[in-house]
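A structural walkthrough
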Amino acid sequence: MISPLLVPAALAFAPVTAEPAMPVPQQAIAGPVVSGAADPVSASPVVLASPAQRQDATVPATQPAEERHHHAKGDPLEGFNRTMFGIHQGIDHAVFRPAAMGYKQVVPRPLRSGLRNALSNLTEPFIFVNFLLQGKPGKAVETLGRFVVNSTFGVGGLFDVAKTKDFKLPHRPNGFGTTLAFYGVGPGPYIFLPFIGPTTLRDLLGNSADDALLPLVAGKPFNSMEYQLITGGIGGLDLRAESDADLRALFDGAVDPYATLRSVYLQNRAAEVEEAKGHAATAPQQAAPELTDPLNDPELTGTQPEPPAPQSDAPELRDPLDDPEATPAPQP
């Protein structure tokens, strides 16, 4: 069963590049990138050894074992995750983003907004359940009221009537992954999977439970493959199109896009968990190093990012997939 929530998550977090997607360097998969390191091949003179010398010679390792197996804290599957991230990056550039931009150009904004509201309205029942599981009956009742209002006065959720000043019932995201964290379950290893995107083991299991609730309780048509494909496709294209500008800002000039996405995702999830536990987030006196520049990986110490290459205004170098609704920059 293809969940309508997993596909949008993958599309929203897929990296965006103005150039053709580049594969993840092998040294990034094996360990941290050390700037200025010499090429072990080109840095050594070519010496022709005798057959006996070649037979007895021991080939030195190009990297220490501890560097080859290095991974960031909380990401023990980093090698696997980077490979999946590279695959997802290529799929996004070749398929997901062009399809999302086409969807945004063809489908009128009011219709896109209505479909987005309707899909969001379908998530309210399991949000209601998770508020109950967290011992928050007040928010659970508000969520149930929001679902009823939008399902009736909002014409099946096409219009978000509940958030207006007449009802004042805003959407409050929640899920079983947050419920597990609420009761002290740790996030587990960070995972990146194509068609799912960035997550953790806890949230992967929690999201699967959330997605199974509506088909299990309501039955047809929510448990049909056709429904899953249609809602997953529409939701994914819409979310990918709406997130395009933010993704560009996040990844533009990133030294390590994989580490950038991992850092942002884990920080956001940690903030959501703290909010669910009722811990108010306090602004730090001085921004943490990983927050001063979201394009720097806090785990790759000792490296300095290179300044981004200057952008050219030449027409042949512009991204042919630019958002058709974006306002063109003024000419000097």
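Residues numbered from 1 in each chain as written. Predicted model: local features only at pLDDT ≥ 70, side-chain atom pairs only at ≥ 80, totals over all residues. Heavy atoms only, no water.

**Quick look at the overall build of the protein chain**
Applicable threshold: Put simply, DSSP marks the helices as runs of H or I at least four residues long and the strands as runs of E at least two long, and each gets a number from the N terminus on. Buried residues are those whose accessible area, probed at 1.4 Å on protein chains only, stays under 20% of the maximum for their type, while exposed residues exceed 50% and partly exposed ones sit between those limits. Areas reported as accessible are Shrake-Rupley estimates using a 1.4 Å probe. Residue values count occlusion only from the protein chains shown.
Looking only at helices and strands, one finds 14 helices and two strands in the protein chain. Sorting the 332 residues of the protein chain into buried and exposed places 33% on the buried side. Working note: accessible area of the protein chain is about 19700 Å², and carbon and sulfur atoms make up 64% of it.

**Remarks on the confidence of the model for the protein chain**
As a reminder, the rule being used: The score called pLDDT rates the predictor's confidence residue by residue, from a low of 0 to a high of 100. Note on contacts: a residue pair is in contact if any heavy atoms of the two residues lie within 4.5 Å.
Averaged over every residue, the pLDDT of the protein chain is 74; residues scoring 70 or more account for 63%. Segment residues 282–307: pLDDT under 50, and 28 contacts once partners within four positions in sequence are set aside and those in other chains are kept. Here residues 312–321 is a poorly scored stretch, pLDDT under 50, and it has ten contacts once near neighbours within four places are set aside; other chains count.

**Some remarks on the nonpolar core**
What counts, and what does not: Side-chain atoms within 4.5 Å are what join buried Ala, Val, Leu, Ile, Met, Phe, Trp, Tyr and Cys residues into a set we call a nonpolar core.
Counting residues in each nonpolar core, the largest one holds ten residues, listed as Met84, Phe85, Tyr190, Phe192, Leu247, Leu250, Phe251, Tyr258, Leu261 and Tyr265. If you list the elements that add at least two residues to this core, you get α5 (78–106), β1 (190–193), α12 (244–251) and α13 (257–276). Each residue touching Phe192, except ones within four places of it in the same chain, is listed here: Phe80, Asn81, Met84, Phe85, His88, Gly197, Pro198 and Leu261.

**So, the pairing of β1**
Here is the rule we go by: When DSSP finds two or more bridges between a pair of strands, those strands are recorded as paired.
Pairing of β1 with strand β2 (residues 197–200), which is carried by four bridges, proceeds in the antiparallel orientation. Bridge pairing links Leu193 to Gly197 in β2.

**Brief notes about the packing of aromatic side chains**
Quick reminder of the rule: Pairing of aromatic rings covers Phe, Tyr and Trp, the last through its six-membered ring, and needs centres within 6.5 Å; plane angles under 30 degrees mean stacked, over 60 mean edge-to-face, and all others mean tilted.
The final tally for this structure, using the stated rule, is eight aromatic pairs. Relative to Tyr258, the ring of Phe85 lies with its centre 5.7 Å away and its plane at 75 degrees, an arrangement referred to as edge-to-face. Placement of the pair is Phe85 in helix α5 and Tyr258 in helix α13, with a sequence separation of 173 residues. Note on Phe153 and Phe167: the rings are 6.2 Å apart at their centroids and 35 degrees apart in plane angle, and the pair reads as tilted. Placement of the pair is Phe153 in the loop between α8 (137–152) and α9 (176–182) and Phe167 in the loop between α8 and α9, with a sequence separation of 14 residues. Look at Phe167 and you get partly exposed, because its relative accessible area is 33%. One aromatic cluster is present, built from ring pairs that chain together Phe85, Tyr190, Phe192, Tyr258 and Tyr265.

**Details of the side chain of Asn150**
Tracing the chain through its elements places Asn150 in helix α8. When sequence neighbours within four positions are dropped, the list of residues in contact with Asn150 reads Asn121, Val155, Gly156, Gly157, Phe159, Asp160, Val161 and Ala162.

**Brief notes about unusual backbone geometry**
A positive phi is found at Val155, a non-glycine position, where the angle reads about 55 degrees. Within the fold, Val155 resides in the loop between α8 and α9. Positive phi outside glycine occurs at Lys168, with the angle close to 55 degrees. Residue placement: Lys168 occurs in the loop between α8 and α9.

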